[in-house]
Protein chains: 2
Amino acid sequence: MNRQELIRIIRQKQSFLCVGLDTDLQKIPKHLLDGPQNPIFAFNKAIIEATAPYCVAYKPNLAFYECYGLQGWEALEQTVCFLREHYPDHFLIADAKRGDIGNTSRMYAHALLEVLDFDAVTVAPYMGEDSVTPFLNYAGKWVILLALTSNGGSRDFQLFENAEGTRLFEEVLRKSREWGNDDTLMYVVGATQGKMFEEIRKIVPNSFLLVPGIGAQGGSLEEVCRYGMTRDCGLLVNASRSILYADNSENFAEAAALEAQKLQKQMATLLL
Amino acid sequence: MNRQELIRIIRQKQSFLCVGLDTDLQKIPKHLLDGPQNPIFAFNKAIIEATAPYCVAYKPNLAFYECYGLQGWEALEQTVCFLREHYPDHFLIADAKRGDIGNTSRMYAHALLEVLDFDAVTVAPYMGEDSVTPFLNYAGKWVILLALTSNGGSRDFQLFENAEGTRLFEEVLRKSREWGNDDTLMYVVGATQGKMFEEIRKIVPNSFLLVPGIGAQGGSLEEVCRYGMTRDCGLLVNASRSILYADNSENFAEAAALEAQKLQKQMATLLL
């Protein structure tokens, strides 16, 4: 999905919500564990059917699939196939945070952008250019590079500052513009970073930002929009746990829909 | 496997060789593709049986398994089970380069250190403390943190320098000592980095270093040992392509054994 299509869908649905599919067998309703389907997929399918009207993107977090081995990988494949077949207008992000030497990044890119046909993959920048560019060789696909993340540990290295006062996350933003552009590169910026969005917009005024950290992690949607929104929206705001686990009875999907709708309504008022 | 066991095995085998299992269906001998077994596993099994006397560690690179979906994940599980059953004295590294918010890193750690029972996992430091520490909660298991990697892109951010002249990779080494120690933390340092090993040993004099970049990437084993070896060896030197694809006829395993043996003999002369 290209930038213009993404912007069109955001306008049309009055939403820039991404639902994070961090599906945890310990937390899903117990009745799904005994059903005929792979329970991870059964849960995802119900969540997707309930929340699709209110969001523009889905983001499976690969850790939550890998930890169930073959069953998890099967559920991931089923989820992507289901989304591609029934919801072709949703943007699909593999939250993988991969990045390795060129030879290896090419394999990850093939796995996630071709075999699994995601629209985008999150990539860690530590290993530099040849770890990132193999993911940029697919037309209409995206790299979402980690810039300033939502967690406490983001302070450890991302704020490391050179003699000119440039911090590492700013160097990542600046340098990566040599490898891609606003049609191929987005950045992860945590909702917990508040006014730092102003600093980020000085370097990447028009890039889309994938923003985790609303909900369970405590970030504010209003603040993110005040400092980070562009004329084209320029934001995909993710919520995972607050939607997926809004209720763990048989009504989990309805509860998830209500949570997603609540966020979508708030987003409609915030869109410029 | 703990540090003392690892050192004992290195002394006993006169080897600090790690064989990287970067198994690529495009490169393995064609006759394996039509066999009754999963061809990735069939290849790995033959390589392991041929090279086990000459190495102390194996390192599957997860990208090469993920890109084959269920077939790949199955081969990874089979490979780890086979190694655990028949080669309990080999150190097993998941080359995954993972790292995410705490909640997610916990899932990756569970997947790789419990479900798959690897001894160690490579972790990317960009997201800081809470992205790394969940991997440190397993007795006898290890984090291998990226410090100064072997690829060209290592210059982009790893050499980013603060006003005091500390470079990012040095800050990663320094800071991570607050989270673990020589019994739980190793570091990735590329063989292509030559004299930089001297700088690294000033900060982590006794840590084990996992050293990729010998062979296909052009690093020198002598140079790595001259500047990086400690009294306890302190090195695991990886070779992947030069061993796996030494020959792609039916004699591939014998050719791999010869390559591994050649490196082991060289290592025996270099061990202090």
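These remarks concern the structure in this document. (Residues numbered from 1 in each chain as written. Chains lettered and ligands numbered in written order. Predicted model: local features only at pLDDT ≥ 70, side-chain atom pairs only at ≥ 80, totals over all residues.)

1. Concerning the relation of the copies chain A and chain B
Spelled out, the test is: For the least-squares superposition of copies, only C-alpha atoms count, and only for residues with pLDDT at least 70 in both. Two residues qualify as being in contact provided that their C-beta atoms, derived from the backbone, are within 7 Å of each other.
Expressed as a screw transformation, the operator carrying chain A onto chain B has a rotation angle of 180° and an axial translation of 0.0 Å, and the superposed copies differ by an RMSD of 0.0 Å. What the rotation and shift describe, once combined, is the action of a two-fold rotation axis. When the interface residues of chain A are mapped onto chain B, 100% of them are again interface residues, pointing to one common binding face.

2. Description of the sheet that holds strand β3 (residues 91–98) of chain A
In a beta sheet, neighbouring strands pair by backbone hydrogen bonds and run either parallel or antiparallel. Residues and elements named next belong to chain A. Here is the rule we go by: Only strands that DSSP links by at least two bridges are regarded as paired with each other. A run of H or I in DSSP becomes a helix once it reaches four residues, and a run of E becomes a strand once it reaches two; helices and strands are each numbered from the N terminus. In this analysis an axis means a line fitted to C-alpha atoms, helices contributing only their contacting stretch, and an angle means the value between N-to-C directions, from 0 to 180 degrees.
If you walk around this closed barrel you meet the 8 strands as β1-β2-β3-β4-β5-β6-β7-β8, and the pairing is parallel. The average undirected angle you get between the axes of adjacent strands in this sheet is 30°. Where β3 and strand β4 (residues 120–123) come together, 3 bridges link them in parallel fashion. Within β4, the position partnered with Ala 94 by the bridge is Val 121. Against the sheet, helix α8 (residues 168–176) contacts β5 (142–148) and β6 (185–189), and its axis sits at roughly 155° relative to β5. Against the sheet, helix α10 (residues 221–228) engages β7 (209–211) and β8 (235–239), with an angle of about 165° to β8.

3. What to know about the interface of chain A and chain B
To be explicit about the condition: Side-chain classes are defined by residue name, with Ala, Val, Leu, Ile, Met, Phe, Trp, Tyr, Cys and Pro counting as nonpolar, Asp, Glu, Lys and Arg as charged, and the others, Gly among them, as polar.
The partner chain B presents 49 residues to the 49 residues of chain A that form the contact. Counting residues per element, the ones that place at least two in the side of chain A that touches chain B are α3 (63–66), α4 (69–86), β3, α5 (102–115), α6 (129–132), α7 (154–157) and α8 of chain A. Element by element, the count of residues in the side of chain A that touches chain B is highest for α5 of chain A, at 7 residues. Across the side of chain A that touches chain B, the residue classes break down as 20 nonpolar, 16 polar and 13 charged.

4. Describing the sheet that holds strand β5 (residues 142–148) of chain B
Residues and elements named next belong to chain B. Ordered by their spatial adjacency, 8 strands build a closed barrel running β1-β2-β3-β4-β5-β6-β7-β8, and the pairing between neighbours is parallel. Taken pair by pair, the neighbouring strands of this sheet meet at an average axis angle of 30°, ignoring direction. Strand direction decides the pairing type here: strand β2 (residues 57–60) and strand β3 (residues 91–98), joined by 2 bridges, are parallel. In the sheet register, Tyr 58 faces β3, and the bridge partner there is Leu 92. Docked against the sheet, helix α12 (residues 252–270) engages β1 (17–21) and β8 (235–239), running at close to 155° with respect to β1.

5. Overview of the packing of helix α2 (residues 39–51) of chain B against helix α4 (residues 69–86) of chain B
All names here are of chain B. Condition: Roughly parallel here means an angle under 35 degrees, roughly antiparallel means over 145, roughly perpendicular means 65 to 115, and every remaining angle is called oblique. Each crossing gets its hand from how the near helix is turned against the far one by less than a right angle, where anticlockwise is left-handed and clockwise is right-handed.
Contact geometry of α2 with α4 gives a least axis separation of 8 Å together with a crossing angle of 25°. Taken together, α2 and α4 sit at an angle that is classed as roughly parallel. Read as a crossing pair, α2 and α4 show a hand that is right-handed. Judged by residue contacts, Ile 40, Phe 41, Asn 44, Lys 45 and Ile 48 of α2 engage Gly 72, Ala 75, Gln 78, Thr 79, Phe 82 and Leu 83 from α4.

6. Here we look at the packing of helix α9 (residues 196–203) of chain A against α10 of chain A
Residue and element names in this part refer to chain A. Close contact between α9 and α10 brings their axes to 8 Å; oriented N to C, the two are set at 30°. Considering their axes alone, α9 and α10 lie roughly parallel with respect to each other. Once α9 is placed against α10, the crossing between them reads as right-handed. Facing α9, whose interface residues are Phe 197, Glu 198 and Arg 201, α10 presents Val 224, Tyr 227 and Gly 228.

Taken by themselves, the reported measurements are silent on function.
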